[in-house]
Amino acid sequence: MAYETSDNSKTWAVVAAIVVVVFAAIGWLIFRPSGEGGAQGPGGATLTRMPGDANSIIKNRQMSPEDVLAALTTYMPSGKHDDYMMFASGGHGGQVLVIGVPSMRLLKVIGVFTPEPWQGWGFSEETRAVINGKAGDGTDLLWGDTHHPALSETNGEYDGQFLFINDKASARVAVIDLRDFETKQIVKNPLAINDHGGAFVTPDTEWVIEGGQYAHPIGGKYASLADYKKSYRGLVTCWKFDRKKGSIDPSKSFAIELPPYWQDLSDAGKLVSDGWIFLNSFNTEMATGGGEKKGGVWFEAGTTQRDMDYLHVINLKKAIATAAAGKTTTINGFRMIPLQTAASESILYFAPEPKSPHGVDVTPGGEYMVVSGKLDPHVTIFSFQKMMDAIKNKSFSGKDPYGVPIFDFKKVVEKQVELGLGPLHTQFDDKGYAYTSLFLDSAVARWSLGGPYEKLHSDKPWTLVKKIPVQYNVGHLAAAEGDTAKPAGHFLVALNKWSVDRFANVGPLLPQNLQLVDISNPGDKMQVLYDMPIGIGEPHYSQIIKADKIKAWDVYPEIGWSPVTQSKSPKATTVGQERIVRNGNTVEVFMTAIRSHLNPEHVEVKKGDKVIWHVTNVERARDATHGFALFNHNLSLEPGETETISFTATKEGVYPYYCTEFCSALHLEMTGYLLVKP
Ligand code: K7E
Ligand code: CUA
């Protein structure tokens, strides 16, 4: 890895790096820790800052040569940028985290389903309209549970234009534009109460797929649990994405009704399997819980009775044609292909999969679907070709109770590889390896792929190559471009659920632990390089993109830009156009912000007036952001941006408003008075 500048200082950087490594090795040999020694800080930690040269620091901190290598790999000199950008979900924080890789520096928190005060996200009229959430019970919804970010793709590779993410709690999908890293749209699924297996995109991002989770009566109706098999259903929703408009078009979208199994993680086919999508399921037992009742069985036991659940194999192309042909029912204004139609039109097939699976991940070329059974020590690798052959030969082992044809497991499986306990998710690299997280083992398993990937490595195909411990209970993992048609190799991040003893104690609620793993060497060489605590929300999944694919704006393209519409706001105000317009009881303020004043500085209204207040940041300099604070409003106005707040002046008084970003030496003077007259 090299993070060079263009002049020959790079030669010196390399030389210096080698010198440090050599020193480290010598230092380690000479001063190998004997179990004693080193300056001890509180809690037995060695003191980080020691006087002296690199060698004495290495000695005093008792660093191994591996530690030094890890430090050299992850340290980013001031002003240098990371090679990769990771987009991680913020879990029940409801945001998206942007992290530089390999430095693991937090670059941004993108407000999505949850208001983010410092970004003004959810505080302006414009952004509140995007959040505009209603919970299942009809009340205002101000949080989300983000799970699976999906970068937009072209030909199965990340293109750096958009990011999608689901809200498991309320079955919503958000669209984020990566020109300004802001959320543009949130669609609420009109049929589903919750989701999970998504968002994921088709190889050209024509469709954003949202898989369901806990079966329920479709469309928010009531049905007794006694009628579970008849009235509860699973669901997968195909949202049509309009790349030009940068938004999902619900009128062109549709869902497919599924049996009331609990659909889980999902993935889209690519290249040879383009046009197909794959969803795991568990609870094919159709357990309904109620362990607290006499004779009742906890879900935990009821959903894990059978040895096999069903991988849902869905012909998306056929589903699209079926929806276009009008073979849908409409519920809550949204089209749905009924389960019977999905079965009779050959849209839906089941492949038996062991056992209460979690992840399904399609290999880079689209040939295989890798399934991890949470309660099975193997990953099971299905062959897309074998499934297609079975369909062609009408070779099935039977049908499920809803009439869906089931493949013969032996005829569609390619291989099973034993990895360890609690396999969950799989990613890929450029060397013909797959990586699977082992939740119960707290390890990442590298294993070798066969078939067309055999020539990329010298290991025996379909075998476990190396298990590397991580701390602890790894959920997802993300390799650089590791779920695309062209994985990059280099780095992998293990997203660990538990951190236990990894960081200084911050009380009973602990951070998650994201661990950076070096996967650039083949064979059994892998190394944990870095531990990053996440104290915001639980990142479930993440995706890692080459940083140079992101073409973000420095400032908004025009003064008066509305990020929500990605166009000039009709309320844009330029210098000299500032004004206060009264129309009956409505007062409209057109304000500009520039270092170091808000114009106007006096706004007088009468008690009871309705006030609509637009602020435009007229700056063109990069990073010249202003804020605007008044009562319970806070705006963040990036250079060029226009945002609006509105309120009724219910209480007479004098209210200073001010800029919330320390933007200039006279930032404190960037203020004004709202006078509400009796
Ligand atoms: Cu946490 Cu993908 Cu929602 Cu697995 S999921 S761990
Ligand atoms: Cu503008 Cu502070």
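Residues numbered from 1 in each chain as written. Chains lettered and ligands numbered in written order. Predicted model: local features only at pLDDT ≥ 70, side-chain atom pairs only at ≥ 80, totals over all residues. Heavy atoms only, no water.

Participant: What's the story with the environment of alanine 174 in this structure? I'm lost.
Facilitator: Within the fold, alanine 174 resides in strand S8 (residues 172-177). The exposure class assigned to alanine 174 is buried, which follows from its relative accessible area of 0%. Once the C-alpha coordinates of alanine 174 and lysine 184 are considered, the two residues, 10 residues apart in sequence, prove to be 7.5 Å apart. If we ignore the near neighbours within four places in the chain, the residues touching alanine 174 are Val112, Phe113, Leu163, Phe164, Ile165, Thr183, Gln185 and Ile186. (Helix = DSSP H or I, 4+ residues; strand = E, 2+ residues; numbered from the N terminus. Buried < 20%, exposed > 50% of the residue type's maximum accessible area, 1.4 Å probe, protein only. Contact = heavy atoms within 4.5 Å.)

Participant: Sorry, what's going on with the packing of aromatic side chains here?
Facilitator: Where two aromatic rings form a pair, the distance of their centres and the angle of their planes describe that pair. Within the structure shown, the criterion is met by 31 aromatic pairs. Aromatic side chains tyrosine 214 and tryptophan 262 sit 5.0 Å apart centroid to centroid with 85° between the ring planes, which places their arrangement in the edge-to-face category. Of this pair, tyrosine 214 sits in the loop between strand S11 (207-211) and helix H5 (228-231) while tryptophan 262 sits in strand S14 (residues 262-268), and the two are 48 residues apart along the sequence. Residue classification places tyrosine 214 among the partly exposed residues on the basis of a relative accessible area of 37%. Taken together, a centroid distance of 5.8 Å and an interplanar angle of 15° make the contact between tyrosine 349 and phenylalanine 396 stacked. Placement of the pair is tyrosine 349 in strand S19 (residues 348-353) and phenylalanine 396 in strand S23 (residues 396-399), with a sequence separation of 47 residues. Taken together, the ring pairs connect Trp276, Phe278, Tyr349, Phe384, Phe396 and Phe407 into an aromatic cluster. Directly above the aromatic system of tryptophan 207 lies the positively charged group of lysine 240, at a separation of 5.3 Å from the ring centroid. (Phe/Tyr/Trp six-rings, centres within 6.5 Å; stacked < 30°, edge-to-face > 60°. Lys NZ or Arg CZ within 6 Å of the ring centre and 35° of its normal.)

Participant: Explanation requested: the pattern of salt bridges in the structure shown.
Facilitator: Should the charged atoms of two oppositely charged side chains come close, the side chains can pair. Going through the model one piece at a time under the given rule, you end up with 23 salt bridges. Two residues, arginine 172 and aspartate 167, come together in a salt bridge whose shortest N-O distance is 2.9 Å. Accessibility expressed as a relative area gives 1% for arginine 172, which makes it buried. By relative accessible area, which is 0% here, aspartate 167 ends up buried. With its nearest N and O atoms 2.8 Å apart, the salt bridge here joins aspartate 180 to lysine 184. (Salt bridge = Lys/Arg side-chain N within 4 Å of Asp/Glu carboxyl O.)

Participant: Can you walk me through the domain arrangement of the chain in this structure?
Facilitator: How big an interface is tends to be expressed through the accessible area that disappears when the partners come together. By the assigned domains, the chain splits into domain 1 (8-74), domain 2 (84-110 + 144-549) and domain 3 (561-677). Once you take the C-alpha centre of each, domain 2 and domain 3 turn out to be 44 Å apart. In this assembly, five residues from domain 2 lie in contact with five residues from domain 3. Carbon and sulfur atoms supply 31% of the area buried between domain 2 and domain 3, which totals about 370 Å² over both sides. (Domains from an automatic or database assignment. Buried area = accessible area lost by both parts, 1.4 Å probe.)

Participant: Which parts of the structure should I look at to understand helix H7 (residues 316-324)?
Facilitator: Counting along an α-helix, one turn takes 3.6 residues, and residues three or four places apart therefore face a common direction. Restricting attention to buried positions, one finds in H7 the residues Leu316, Ala319, Thr322 and Ala323. End-on, the buried residues of H7 take up no more than an arc of 120°, which puts them together on one face. Residues of H7 that are exposed and point more than 90 degrees away from the buried face comprise Lys317 and Ala324. For H7, the capping residue at the N-terminal end is asparagine 315, with a side-chain oxygen 3.3 Å from the backbone nitrogen of lysine 317. (Arc of directions from axis to C-beta. Polar contact = N/O pair within 3.5 Å; in protein donor to acceptor, adjacent residues only side chain to side chain.)

Participant: I tried to follow the site of ligand 1 on my own but got confused; where do I start?
Facilitator: The immediate surroundings of ligand 1 are formed by His147, His148, His196, Leu265, His358, His425, Gly475, His476, Lys497 and His540. Residues of the shell around ligand 1, tallied by class, amount to one nonpolar, eight polar and one charged. (Near = heavy atom within 4 Å. Nonpolar A, V, L, I, M, F, W, Y, C, P; charged D, E, K, R; others polar.)

Participant: Honestly, empty space enclosed by the protein in this entry has me stumped. Any pointers?
Facilitator: The gaps left among the atoms become clear once a water-sized probe is rolled over them. Per the stated rule, a full pass over the model turns up five cavities of 30 Å³ or more. Empty space within the largest cavity amounts to approximately 270 Å³. Along the wall of the largest cavity there are 27 residues; nearest its centre are Phe200, Ser266, Asp267, Asp483 and Gln543. Mapped by element, the contributors of at least two residues to the lining of the largest cavity are strand S6 (150-154), strand S10 (198-201), S14, strand S26 (423-428) and strand S30 (474-480). (1 Å grid on protein atoms, 1.4 Å probe; cavity = no way out; pocket = protein on both sides within 12 Å on 5 of 7 lines; lining within 4 Å. Points joined across faces, edges and corners; volume = space filled by probe spheres on them.)

Participant: Can you help me understand the nonpolar core in this one?
Facilitator: Looking at soluble globular proteins, one finds that nonpolar side chains tend to be buried together. Core analysis: the largest hydrophobic core is formed by 34 residues, its most contacted members being Ile256, Ile277 and Ile314. Look past the residues within four positions of isoleucine 277 in its chain and what remains in contact with it is Phe200, Ile209, Val236, Asp267, Ala268, Gly269, His312, Val313, Ile314 and Leu316. Among the nonpolar cores identified, the runner-up in size contains 24 residues, and Met591, Leu598, Val611 and Phe647 belong to it. (Core = buried A, V, L, I, M, F, W, Y, C linked by side-chain atoms within 4.5 Å.)

Participant: How do you make sense of the side chain of glutamate 153 when you look at a structure like this?
Facilitator: Within the fold, glutamate 153 resides in strand S6. Buried and without a salt bridge, glutamate 153 has lysine 270 as its closest oppositely charged side chain, separated by 6.2 Å. In contact with glutamate 153, other than residues within four places in its own chain, are Tyr158, Asp159, Val201, Thr202, Pro203, Asp204, Thr205 and Arg243. (Lys, Arg positive; Asp, Glu negative; His and termini not counted.)

Participant: Even after reading the chapter, I still don't get the sheet that holds strand S29 (residues 464-469), so can you show me in this structure?
Facilitator: The strands that make up a sheet pair up through hydrogen bonds in the backbone, lying either parallel or antiparallel. Spatial ordering of the open sheet is given by S26-S27-S28-S29, a layout of four strands whose pairing is antiparallel. Lying at the two open borders of the sheet, with one neighbouring strand each, are S26 and S29. The mean inter-strand angle of the sheet, taken between neighbouring strand axes irrespective of direction, is 20°. Note: S26 against strand S27 (residues 433-438), four bridges, orientation antiparallel. The partner of threonine 426 across the bridge, within S27, is threonine 436. (Pairing = 2+ DSSP bridges. Axes fitted to C-alpha atoms, helices over the stretch in contact; angles between N-to-C directions.)

Participant: What is the right way to look at the layout of surface pockets in this model?
Facilitator: By volume, the second largest pocket is sized at about 1,200 Å³. Around the second largest pocket, the lining is made up of 33 residues, and of these Lys108, Phe181, Ala552, Trp553 and Arg622 lie nearest the centre. Every element with two or more residues in the lining of the second largest pocket is listed here: strand S1 (84-89) and strand S3 (105-111). The leading source of residues in the lining of the second largest pocket is S3, at four residues.

Participant: I'm lost on the pairing of strand S41 (residues 610-617) in this one. Help?
Facilitator: A regular strand places its side chains so that they alternate between the two faces of the sheet. In terms of burial, S41 is largely enclosed, as six of its eight residues are buried. Strand direction decides the pairing type here: strand S38 (residues 586-594) and S41, joined by eight bridges, are parallel. Bridging across to S41, threonine 592 finds its partner in threonine 616. Here S41 pairs with strand S44 (residues 642-648) via seven bridges, running antiparallel.

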